[in-house]
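Architecture at a glance
Okay, here's what each chain looks like letter by letter:
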Amino acid sequence: MTGPTSRQPRRSALLRLTTVVAAVVPLCTAGWLGWQALDDSGQADATAGATAGATAVETAPLSPPAAPPPAGSTPSSPAATPTTTPTQTQPQTQAPTPTTTAPLAGRTVVLDPGHNPGNFSHPTEINRQVDIGNARKECDTTGTETNSGYTEAEYTLDVTRRARDLLAARGAKVVLVQDGDRPWGPCIDERARAGADAHADVAVSVHGDGGPASGSGFHVILPAKVVAGKADNSAIVEPSHRLGLLLREHFRAATGEPYADYTANDGLDIRSDLGGLNLSAVPKVFIECGNMRNSTDAKRMTDPQWRQQAAEGIADALTAFLTTR
């Protein structure tokens, strides 16, 4: 088997080697090319990632300030650049305004200025007789005046207007029987009804007396009990007397005017002949603030400052009546 038969195997081995090399070389070449492709792709991805990261850093908005740490936690050291917090203006809390209740709130007072400046021009109307329960009397009169011609009607209007302002400032609703807005009157029976018509708590009729020139001082007229005809003032006699005592006290304190020395008793008089008292349905008194025929009283009554004091005395008495018992 050493002749041609032994050389045949070497040729077969060489062929197999050639075949293996021919197969391996293309595979290695393909593997190298694949590795290169992967390497290039990774580098491209890395470059793209770096570029995107840079772009993100350049364009990302500033982060909002960190929320404050929870209560009780220990704050971390401020590493970031401090930011300025706008100062907030706290709303100012005003102290409540003290409120003072007006002492006469809800009360109604009737003030009756005696007579009327126009009565002088209407004798027929004011001389008409009216029923006052226990008699008949003139509707109204002209009233008196000082020696210089300052009339009672002018005086009473001025004082009642002043008293009205004082009482209104204390919260009262004040009704004047007449405010110089009527040509004459009204009659005494209408004046008496004014309190009931206004649903008043109290009423005062303001006058100036025309007594003897030698007499001076003021006095308050209280109602006597009258139950006759259309008159029945039983219910108002007692409260009217209390009002009269207060008016005497406060008027004297405010004005310094002495009690009348020519009439009444210690500044008080009780009468049953006045329609304004006989027919009244609410507590009511008259005040004769002084004797206009007396030179001393006339000087006082023509002084605006004294008239203001007179108004204050009347207002103070009414306030005391309505706020005390």
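First things first, this report covers the structure right here in the doc.

Basis of the calculations
Residues numbered from 1 in each chain as written. Predicted model: local features only at pLDDT ≥ 70, side-chain atom pairs only at ≥ 80, totals over all residues. Heavy atoms only, no water. Disulfide = S-S within 2.5 Å. Helix = DSSP H or I, 4+ residues; strand = E, 2+ residues; numbered from the N terminus. Salt bridge = Lys/Arg side-chain N within 4 Å of Asp/Glu carboxyl O. Buried < 20%, exposed > 50% of the residue type's maximum accessible area, 1.4 Å probe, protein only.

**Looking at the state of the cysteines**
- Throughout the structure, instances matching the rule amount to one disulfide.
- At a sulfur-sulfur separation of 1.9 Å, the disulfide partner of cysteine 139 is cysteine 187. Measuring the twist about the S-S bond at about -95 degrees, one finds the cysteine 139-cysteine 187 disulfide to be left-handed. Taken together, the positions of cysteine 139 in the loop between strand 3 (136-138) and helix 3 (152-169) and cysteine 187 in the loop between strand 4 (173-176) and helix 4 (188-197) put the pair 48 residues apart, joining distant regions of the chain.

**Focus: the pattern of salt bridges**
- Under the criterion given, the structure shown has 15 salt bridges.
- Where aspartate 158 meets arginine 162, a salt bridge forms, and the shortest distance between an N and an O atom there is 2.7 Å. Taken together, the positions of aspartate 158 and arginine 162, both in helix 3 and four residues apart, correspond to about one turn of that helix.
- Residue arginine 307 is joined to aspartate 158 by a salt bridge in which the shortest nitrogen-to-oxygen separation is 2.7 Å. Of this pair, arginine 307 sits in helix 8 (residues 304-323) while aspartate 158 sits in helix 3, placing them 149 residues apart in sequence.
- A relative accessible area of 21% places aspartate 158 in the partly exposed class.

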